[in-house]
Amino acid sequence: IGEVGSLTGNDATFGTSTRDGIELAVRQINAAGGLLGKKVRVLVMDNQGKPEEAATAVTKLITQDKVVAILGEVASSRSLAMAPIAQRNQIPMISPSSTAVEVTKTGDYIFRVCFIDPFQGSVMAQFAHSSLNVKKVAILRDMKSDYSVGLANFFVEKFKSLGGEIVADLSYTAGDSDFKSQLTSIKGKAPEAVFVPGYYTEVALVSRQAKEMGLNVPLLGGDGWDSSKLFEIGGTSLKGSYFSNHYSPDDTSPTVQKFIADYKTEFNSIPD
């Protein structure tokens, strides 16, 4: 089996945590006798957090190493670079957490084991509007990230349908470290919250700079925030902010069940 992940680069904690989880699963599987009577071996390749490197890695694993399946990638942009190659070679590819809708539309050999952005964006919009009682939100999205753009779009669509107002919709690019210009513009629009559907490194810097500028409103985000590095970089500036993730402390709660029921009703035509 081949695994492609971001073991280095700006999103390295995604790749290393996924690798660790896969290693744990492989040890458990092999200790129980393996699969079909054979021990499982995983060949791991680092894509450095770059879509072009992800495409190169998956090509090598399939054509040279002759793997029978691909695990990865975490990020949607990198999965979208890999998926056509796996599909063309009829090699199953399973993403642990690529939430962009288009990933599995590549073909019938491409799978995921997570929710998708229509659900994630809708849940966060509902939470902002109904639980936080927020009526005006600004958006700060990474325009070069399929994940960030898609998640922002679904949040905006749902938030507006609830009667909320988007007072600003600005962008940045992964790797940026200075967000003061965008935050100054956002602050001038007086939002009650800012939706930042990016990855943890930039989000943490946005949070710190927002607080330094006196923009003291909650930041909202998605599962791309989920890294211990978020708190190492952002520190106390993140207090009072929220993000959606793949786990719930109480999956049987009426609120969670309502979200799931609403999702199935509204998005049942979208492949998972």
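Before reading further, recall that the structure is shown in the block above.
Heads up: these notes are all about the structure in this document. (Residues numbered from 1 in each chain as written. Predicted model: local features only at pLDDT ≥ 70, side-chain atom pairs only at ≥ 80, totals over all residues. Heavy atoms only, no water.)

### Here's the deal with a nonpolar patch on the surface
Piece 1. On the surface, I29, L35 and L36 cluster together into a nonpolar patch covering about 330 Å² of accessible area.
Piece 2. When you line up the elements, L35 lands in the loop between α1 (12–31) and β2 (43–46). (Patch = residues over 30% accessible without salt bridge, like charges linked within 9 Å, V, L, I, M, F, W, Y side chains within 5 Å. Areas by Shrake-Rupley, 256 points an atom, 1.4 Å probe, with all protein chains shown as cover. Salt bridge = Lys/Arg side-chain N within 4 Å of Asp/Glu carboxyl O. Helix = DSSP H or I, 4+ residues; strand = E, 2+ residues; numbered from the N terminus.)

### Some remarks on the environment of I91
Piece 1. Note on placement: I91 falls in the loop between α3 (76–88) and β4 (93–95).
Piece 2. Taking relative accessible area as the criterion, I91 reaches 13% and is therefore assigned buried.
Piece 3. It is 36 Å that separates the C-alpha atoms of I91 and D176, two residues lying 85 residues apart in sequence.
Piece 4. Apart from the residues within four sequence positions on either side, I91 is in contact with I62, V67, V68, A69, I70, A86 and Y109. (Buried < 20%, exposed > 50% of the residue type's maximum accessible area, 1.4 Å probe, protein only. Contact = heavy atoms within 4.5 Å.)

### Let's talk about the environment of P191
Piece 1. Note on placement: P191 falls in the loop between α6 (180–188) and β8 (193–195).
Piece 2. Spatially, the C-alpha atom of P191 lies 32 Å from that of G9, the residues being 182 residues apart in sequence.
Piece 3. Beyond its immediate sequence surroundings of up to four residues, P191 is in contact with K136, V137, A138, V167, I186 and V217.

### Things to note about unusual backbone geometry
Piece 1. Cis rather than trans, the peptide bond between G72 and E73 has omega equal to -5°.
Piece 2. By secondary structure assignment, the location of E73 is in the loop between β3 (70–71) and α3.
Piece 3. The residue L36 is not glycine, and still its phi comes out positive at about 55°.
Piece 4. Take L36: it is sitting in the loop between α1 and β2.
Piece 5. Unlike most non-glycine residues, N133 shows phi in positive territory, near 60°.
Piece 6. Among the secondary structure elements, N133 is positioned in the loop between α4 (117–131) and β6 (136–142).

### Some details on the pattern of salt bridges
Piece 1. Per the stated rule, a full pass over the model turns up seven salt bridges.
Piece 2. D11 is the partner of R78 in a salt bridge, and the nearest nitrogen-oxygen pair spans 3.4 Å. Taken as a pair, R78 in helix α3 and D11 in the loop between β1 (2–5) and α1 lie far apart in primary sequence, 67 residues in all.
Piece 3. Under the relative-accessibility criterion, R78 is labelled buried at 3%.
Piece 4. A relative accessible area of 7% places D11 in the buried class.
Piece 5. A single salt-bridge network, built from bridges that share partners, covers D11, E73 and R78.

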